[in-house]
Amino acid sequence: AGAFSWTVAEVAAKNGFWPDVISTDLHAASIHGPAYDMPTCMTKFLMLGMPLVDVIQASTEAAAASVGWADRVGTLGVGRVADIAVMQLEPCDAQLECSFGQLRHCTERLVTTAVWRAGEACPTTTEQVWPNPESAAEKHANVRHRPRPLRNLCVFTKGFWLHSGLTCGSGT
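Residues numbered from 1 in each chain as written. Predicted model: local features only at pLDDT ≥ 70, side-chain atom pairs only at ≥ 80, totals over all residues. Heavy atoms only, no water.

Enquirer: Sorry if this is basic, but what is going on with the nonpolar core here?
Expert: Phe4, Ile22, Phe45 and Leu48 are the most contacted members of the largest nonpolar core, which has 21 residues in total. Only helix 1 (6-14), helix 2 (38-47), helix 3 (52-59) and strand 1 (84-97) provide two or more residues apiece to this core. Per-element tally for this core: the top contributor is helix 2, with 4 residues. (Core = buried A, V, L, I, M, F, W, Y, C linked by side-chain atoms within 4.5 Å. Buried < 20%, exposed > 50% of the residue type's maximum accessible area, 1.4 Å probe, protein only. Helix = DSSP H or I, 4+ residues; strand = E, 2+ residues; numbered from the N terminus.)

Written out as structure tokens, the structure reads:
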């Protein structure tokens, strides 16, 4: 989400080109928008038409495999870390920004309702309000509006499941 562009993602989606891995690339400049958290990054791909089962797989099993942790996280099983997030789709009426200040109307979002880390229940955080006016305005003012190369559709970050605390099956 650190370099996520609605324009590039829409062109890729229109051509059936989906990311193999979805992550947040969460850092100080994206946590208050446009990335926010893992459910928000997943919601963006649902908005583009990526099937829910593929969004979950790209955010869990494929993400763990991409960093060589498929034997520990990414799916549930004997001998694996019991990291679980329960999510539901909820209706919403909001604008969701990308890293380049572009806004798209969102009518449905993934919301985390319960989390377990290593088998222990954890509190969930309050969902963010979209868009964060300061983040969206800053991105809009400071970014040239030109699509980035397709390589920026998804970011591979070794700690993707450590950043969010709200991932679906990949940990906290």
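Enquirer: Would you take a moment to explain the packing of helix 2 against helix 3 for this structure?
Expert: A pair of packed helices is characterised by two quantities: the angle between their axes and the separation of those axes. Helix 3 packs onto helix 2 with a crossing angle of 140° between their chain directions and a minimal axis gap of 10 Å. Put simply, helix 2 runs oblique to helix 3. By crossing handedness, the relation of helix 2 to helix 3 is classed as right-handed. Here Met38, Met42, Phe45 and Leu46 of helix 2 come into contact with helix 3, specifically with Leu52, Val55, Ile56 and Ser59. Looking at the contact of helix 2 with helix 3 residue by residue, the classes come out as 7 nonpolar, 1 polar and no charged. (Axes fitted to C-alpha atoms, helices over the stretch in contact; angles between N-to-C directions. Parallel < 35°, antiparallel > 145°, perpendicular 65-115°, else oblique. Left-handed = near helix turned anticlockwise from the far one by under 90°. Contact = heavy atoms within 4.5 Å. Nonpolar A, V, L, I, M, F, W, Y, C, P; charged D, E, K, R; others polar.)

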